[in-house]
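Architecture and fold: a report
This is what each chain is made of:
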Amino acid sequence: QALPVLALVSKERQTGKSTFIDWLNIIFGNNMIIINPDEISRDFNSSYATKNVIAIEETLIDKNSSVEKIKSLSTQKFITVNMKHVSHFKLPFFGKIII
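Anyway, here's the lowdown on the structure attached to this text. (Residues numbered from 1 in each chain as written. Predicted model: local features only at pLDDT ≥ 70, side-chain atom pairs only at ≥ 80, totals over all residues. Heavy atoms only, no water.)

**Observations concerning the pattern of salt bridges**
- In this structure the tally under the stated criterion is two salt bridges.
- As a salt-bridge pair, Asp38 and Arg42 come within 3.2 Å of each other at their nearest N and O atoms.
- The exposure class of Asp38 is partly exposed, given its relative accessible area of 38%.
- Classification of Arg42 by relative accessible area gives partly exposed; the value is 44%.
- Salt-bridge contacts for Glu68 lead to Lys71; the nearest nitrogen and oxygen are separated by 3.4 Å. Here the residue Glu68 and the residue Lys71 both occupy positions in helix H3 (residues 64–75), the gap between them amounting to three residues, near one helical turn.
- The class of Glu68 is partly exposed, set by a relative accessible area of 39%. (Salt bridge = Lys/Arg side-chain N within 4 Å of Asp/Glu carboxyl O. Buried < 20%, exposed > 50% of the residue type's maximum accessible area, 1.4 Å probe, protein only. Helix = DSSP H or I, 4+ residues; strand = E, 2+ residues; numbered from the N terminus.)

**Structural notes on helix H1 (residues 17–28)**
- Helix length check: H1 (12 residues) gives 17 Å between terminal C-alpha atoms against 16 Å at 1.5 Å per residue, within 8%.
- A positive backbone phi angle near 55° is found at Gly29, which sits one or two residues after H1. (Expected span 1.5 Å × (residues − 1).)

**Details of the nonpolar core**
- Core analysis: the largest hydrophobic core is formed by 13 residues, its most contacted members being Ile35, Ile40, Tyr48, Ile54 and Leu73.
- Contributing elements (two or more residues each) for this core: strand S1 (32–35), strand S2 (53–56), H3 and strand S3 (78–81).
- Beyond its immediate chain neighbours, meaning those up to four positions away, Tyr48 contacts Ile33, Ile35, Glu39, Ile40, Ile54, Lys69, Leu73 and Phe93.
- One finds Ile21, Met32, Val53 and Ile98 within the second-largest nonpolar core, a separate group that totals six residues. (Core = buried A, V, L, I, M, F, W, Y, C linked by side-chain atoms within 4.5 Å. Contact = heavy atoms within 4.5 Å.)

**Here's the deal with the environment of Val81**
- Residue placement: Val81 occurs in strand S3.
- Along the primary structure Val81 and Asp43 are separated by 38 residues, whereas in three dimensions their C-alpha atoms are 9.7 Å apart.
- Excluding anything up to four places from it in sequence, Val81 contacts Asn45, Ser46, Ala49, His88, Phe89 and Leu91.

Printed below as a string of structure tokens:
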């Protein structure tokens, strides 16, 4: 089932957003990755292509292309994995995104 992107938002600091993501990382272990916002706009996606939970930490996304890529990732059934020095290949994609 395609789930919406979960966005943790608070005007105040120290409300537990990063702590919640760290807790999820403990639960999901190798099935989760925490990435920086600039990693979404890069061409190489092998770091998060095989993960079930993708957390984008401390997000302020200014680029429209990054927003469109997140929207695309949230609805994709397959992902083309792009690794350095390796041919592209396609995998089923089950990733859920938390911002």
